[in-house]
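Structural overview
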Amino acid sequence: MRVVLVGPPGAGKGTQAKVVCQRFGVPQLSTGDMLRAAKAAGTLDPQLVAAMSQGALVPDDVVVGLIDRRVDAADCAGGFLLDGFPRTVPQAEALGALLTRRGARLDAVVQLDVPRSLLTERLIHRRADKKTGQIYHLQYNPPPPDAELEHRTDDQPAAVGHRLDTYEAMTAALLPYYQGLGLLRRVDGVGTPDEVTARMLAALA
Ligand code: AMP
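Residues numbered from 1 in each chain as written. Predicted model: local features only at pLDDT ≥ 70, side-chain atom pairs only at ≥ 80, totals over all residues. Heavy atoms only, no water.

Some remarks on the overall build of the chain
- Each helix and strand in the chain was counted, giving eight helices and eight strands.
- Here the C-alpha radius of gyration of the chain, 16 Å, is about what a compact globule of 205 residues would show, namely 17 Å.
- Of the contacts made within the chain by residues no fewer than 6 positions apart, 70% connect residues no fewer than 24 positions apart.
- Summing over all exposed atoms, the chain offers an accessible surface of approximately 10,200 Å²; the carbon and sulfur share of this is 55%.
- Each charge class in the chain was averaged separately, 23 positive and 23 negative side chains, and the resulting centres sit 2 Å apart. (Helix = DSSP H or I, 4+ residues; strand = E, 2+ residues; numbered from the N terminus. Rg over C-alpha atoms; globule rule 2.2 N^0.38 Å. Contact = heavy atoms within 4.5 Å. Areas by Shrake-Rupley, 256 points an atom, 1.4 Å probe, with all protein chains shown as cover. Lys, Arg positive; Asp, Glu negative; His and termini not counted. Charge placed at Lys NZ, Arg CZ, Asp CG, Glu CD.)

Digging into the site of the ligand
- Around the ligand, the structure places 16 residues, and the nearest of them are Thr31, Ala56, Gly84, Arg87 and Gln91.
- Val58 has a polar backbone atom sitting 3.1 Å from a nitrogen atom of the ligand.
- Separating a nitrogen atom of the ligand from a side-chain N or O atom of Arg87 is a distance of 2.8 Å.
- The fraction of the free accessible surface of the ligand (480 Å²) that becomes covered by protein chains is 96%.
- Of all the elements, helix 2 (residues 31-40) adds the most residues to the shell around the ligand, at four residues.
- Looking at side-chain class alone, the shell around the ligand contains seven nonpolar, four polar and five charged residues. (Near = heavy atom within 4 Å. Polar contact = N/O pair within 3.5 Å; in protein donor to acceptor, adjacent residues only side chain to side chain. Nonpolar A, V, L, I, M, F, W, Y, C, P; charged D, E, K, R; others polar.)

Things to note about helix 8 (residues 193-204)
- Taking 1.5 Å of rise per residue, 12 residues should cover 16 Å, and helix 8 covers 16 Å from first to last C-alpha, within 8% of that figure.
- Inspection of helix 8 places Val196, Thr197, Met200, Leu201, Ala203 and Leu204 among the buried residues, and these make up the whole buried set. Buried residues along helix 8 cover an arc of 160° about the axis, so they all sit on one side. Along helix 8, exposed side chains directed more than 90 degrees from the buried face belong to Asp194 and Ala202. (Expected span 1.5 Å × (residues − 1). Buried < 20%, exposed > 50% of the residue type's maximum accessible area, 1.4 Å probe, protein only. Arc of directions from axis to C-beta.)

Honestly, it's all geometry; don't read function into it.
Right, dumping it as C-alpha cells:
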C-alpha cells in the first residue's frame, strides 16, 4: 500500500496516519517530522530552519531528496504512508518519477477535509509532549499534569494563518493533479478521531 495523505495543518493527519499505518503495517513518512529531527540534531541549514518557523515551505529538492533516500529502507518494502509530502505539483511529479524508477506506483491519495475556522482553533490550542511526541488539545484532549508541553513555533497564531494560506494555494493545483490521475479520495475530517479513522479505512478499502 502506497498512499499519500493530504490535509491542511491541524486536520488530524498525524493522528490518522498513525492508526492507518498500524492497521496496514507500513511506516509513516512525514517530511515535517524528518525536517524537525534534522533541526533538533543541528544538521538543518539555518535558512531552512527560518523558513520552517515562519510556516513557509522548504525547497522541493530538499524534501524530494529526503523521500528518495527514505523509500529504499527495508521497512518501506511493503509500502508506506506519506504525510505532508508532496505539497506541490513538482513534488508530486518527482514522487511519481522516483516510484516509477523503482517499478512502483501510488495506490491512492486521501484528502482529509476540515473547514478553516476549525483548523485555526485546533492549531492554536495544540501542544505536544516533548518526551513522548503525543499531541494534545488544551480543551478537548488535555495533557496529563506531568507532560512536558511544547507549542510548536509554527502553531503560534502569526504562523498559522500563513500555513493555512500556503496549504490552500498548494492544494489548488495538487488536488486537481491527483484527481486527473484518478487517485484522489476525499474524507470528511470533522468528527471524533475514531469516526474519521472509520471513514479513512473505508476510503482505502
Ligand atoms: P508539517 O509538520 O508537515 O506541517 O511540516 C512542518 C514544516 O516543514 C512546514 O511548514 C514546512 O516548512 C516544512 N515542510 C514539511 N514538508 C514539506 C514539503 N513537502 N514541502 C515543503 N516544505 C515542507
